[in-house]
Amino acid sequence: MRQYTLIGNPLGHSMSPLIHDRLFALKDRAAEYSLTAIPTEELSEKITMLRELCGYNITIPHKVDIIPHLDELDETAKRYNSVNCVANRDGRSIGYNTDCEGFLRSVQDMPLNGRVLLIGCGGVGRMMAIEAALHGAAELVIMVLPSDVSLAEALIEEIHGLVPDANVNIVLTGSDKDGALGSFDLLMNACPVGMYPKTGACPISDEQLRLCANIFDVIYNPTETRLIRKAKAMGKPAVGGAAMLVWQAVRAHEIWDGDVYTAEQVQGIIRELEETVNRDFPIQED
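Quick caveat: nothing in here was measured; it's all calculated off a predicted structure.

Thresholds, definitions, all that
Residues numbered from 1 in each chain as written. Predicted model: local features only at pLDDT ≥ 70, side-chain atom pairs only at ≥ 80, totals over all residues. Heavy atoms only, no water. Helix = DSSP H or I, 4+ residues; strand = E, 2+ residues; numbered from the N terminus. Rg over C-alpha atoms; globule rule 2.2 N^0.38 Å. Buried < 20%, exposed > 50% of the residue type's maximum accessible area, 1.4 Å probe, protein only. Contact = heavy atoms within 4.5 Å. Lys, Arg positive; Asp, Glu negative; His and termini not counted. Charge placed at Lys NZ, Arg CZ, Asp CG, Glu CD. Pairing = 2+ DSSP bridges. Axes fitted to C-alpha atoms, helices over the stretch in contact; angles between N-to-C directions. Core = buried A, V, L, I, M, F, W, Y, C linked by side-chain atoms within 4.5 Å. Phe/Tyr/Trp six-rings, centres within 6.5 Å; stacked < 30°, edge-to-face > 60°. Lys NZ or Arg CZ within 6 Å of the ring centre and 35° of its normal. Salt bridge = Lys/Arg side-chain N within 4 Å of Asp/Glu carboxyl O.

Peer 1: Can you walk me through the overall build of the protein chain in this structure?
Peer 2: Tallying secondary structure elements over the protein chain gives 10 helices and 12 strands in all. Taking 286 residues into account, the globule formula puts the C-alpha radius of gyration at 19 Å, and the protein chain, at 19 Å, falls close to it. Seen through its C-alpha atoms, the protein chain measures out along the principal axes to roughly 55 × 45 × 35 Å. Expressed as a percentage of the 286 residues in the protein chain, the buried residues total 51%. Look at the contacts in the protein chain between residues 6 or more apart in sequence, and 70% of them connect residues 24 or more apart. Positive and negative side-chain charges of the protein chain, numbering 25 and 40 respectively, have mean locations separated by a distance of 3 Å.

Peer 1: Sorry, what's going on with the sheet that holds strand β6 (residues 92-96) here?
Peer 2: One open sheet holds the six strands; their spatial order is β2-β1-β3-β5-β6-β4, and the pairing between them is mixed. The two strands at the open ends of the sheet, each matched to only one other strand, are β2 (31-37) and β4 (72-73). When strand β3 (residues 55-58) meets strand β5 (residues 85-89), the two strands line up antiparallel, connected through three bridges. In the sheet register, G55 faces β5, and the bridge partner there is A87. Against the sheet, helix α1 (residues 16-26) makes contact with β1 (2-8), β2 and β3, and its axis sits at roughly 165 degrees relative to β2, the strand it touches most. Contacts from helix α2 (residues 43-51) reach β1, β2, β3, β5 and β6, with the element oriented near 160 degrees to β1.

Peer 1: Would you explain the nonpolar core in this entry?
Peer 2: Soluble globular proteins: nonpolar side chains tend toward being buried together. Ranked by internal contacts, the top residues of the largest apolar core, which has 32 residues, are F103, L140, I159 and M188. Contributing elements (two or more residues each) for this core: α4 (99-106), β7 (115-119), α5 (124-134), β8 (139-144), α6 (149-162) and β10 (186-189). By residue number, the principal contributor to this core is α5, which donates six residues. Leave out the neighbours within four places in its chain, and I159 touches A129, I130, A133, L140, A166 and V168. Among the nonpolar cores identified, the runner-up in size contains 18 residues, and A243, V250, I270 and L273 belong to it.

Peer 1: I keep staring at the packing of aromatic side chains and nothing clicks. Help me out?
Peer 2: Within a pair of aromatic rings, the relevant descriptors are the distance that separates the centres and the angle that separates the planes. According to the stated counting rule, one finds four aromatic pairs in the structure shown. Pairing Y4 with F24 gives two aromatic rings, centres 5.0 Å apart and planes at 40 degrees, and the pair type is tilted. Separated by 20 residues along the polypeptide, Y4 in strand β1 and F24 in helix α1 bring together distant segments of the chain. Ring pairing ties together the aromatic residues Y4, F24 and W256, which thus form one cluster. Above the face of the Y261 ring, K27 is positioned so that its terminal group lies 5.1 Å from the ring centre.

Peer 1: In this structure, what is going on with the sheet that holds strand β11 (residues 215-217)? I would like to understand it.
Peer 2: The strands making up a sheet associate through hydrogen bonds between their backbones, and the pairing can be parallel or antiparallel. The parallel open sheet is built from six strands, whose spatial order is β9-β8-β7-β10-β11-β12. Looking at strand neighbours, the two that pair on one side only are β9 (168-172) and β12 (238-239), the edges of this open sheet. Note that β11 and β12 share two bridges and pair parallel. The residue bridging F216 from the neighbouring strand is V239, located in β12. Along the sheet, helix α8 (residues 226-233) makes contact with β10, β11 and β12, crossing β11 at roughly 160 degrees.

Peer 1: Honestly, the pattern of salt bridges in this entry has me stumped. Any pointers?
Peer 2: Charged atoms that come close allow side chains of opposite charge to pair. Summed over the entire model, instances satisfying the criterion amount to 17 salt bridges. We note a salt bridge from E72 to R92, for which the minimum N-O separation is 3.5 Å. With E72 in strand β4 and R92 in strand β6, this residue pair connects regions lying 20 residues apart in the sequence. Owing to a relative accessible area of 36%, E72 belongs among the partly exposed residues under this scheme. Its salt-bridge partner being E139, residue R115 comes within 2.7 Å of it at the nearest N-O pair. Placement of R115 in strand β7 and of E139 in strand β8 is noted, with a sequence separation of 24 residues between them. In this structure, a network of salt bridges that share partners links the residues R2, R29, D257 and D259.

Take a look at the structure:
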């Protein structure tokens, strides 16, 4: 049986086995997907074992540290200097970043090329900002804490290296009071505000949210954050992070086996993932 795993530390209650098992089953592939917790200091000694697998996924804290142990990087991995998927082929380990594809497929019906407000710029937020610029965002406004301004400035410099004429600006958290930032075609949350177990928090004011036409929240636990619930109550299109989590896994299977899935099949897995999260992590507060 073909072997795959997710490496990281800690892994906690990962949904990856559920998602990948469903994707393998849809193609009648005999494969086993496991979880492998690897402390940072033990990564190097596990490389031989990892190379014996058909492929594997990577999460925090190994997305960057794995790179020196790979033979080749896909363009996506080079762009973000981050790897979350590895394919072992003919004795070579090739690294990919499927988070960007998962994100793009999740917001494919949303105006990424309009005026975009991004909350947070670390990790996945950095990727979302770069993709927005690459897709022609009319203006990208990045909202950060004062402690993260230098991080945002470095990100803007990086964006201008890829898209010299990109219109990118920084605002501080709290500057959205009374909708002071104006209207946006798309609001994207990449910060942990609203994540389980602190599900009662929302990263933006109601006044500003009313001025945002579409909403994407990278958080998948809860499946509907307070931000998503408020947006839907206002009648706005809103997508949570479960879609991105599943679509990035779909991209891994495209890489590993060349498998193709219908939108209906993927939506079925997204629904199952959401049902599992809602059952195992019920929201305690409104």
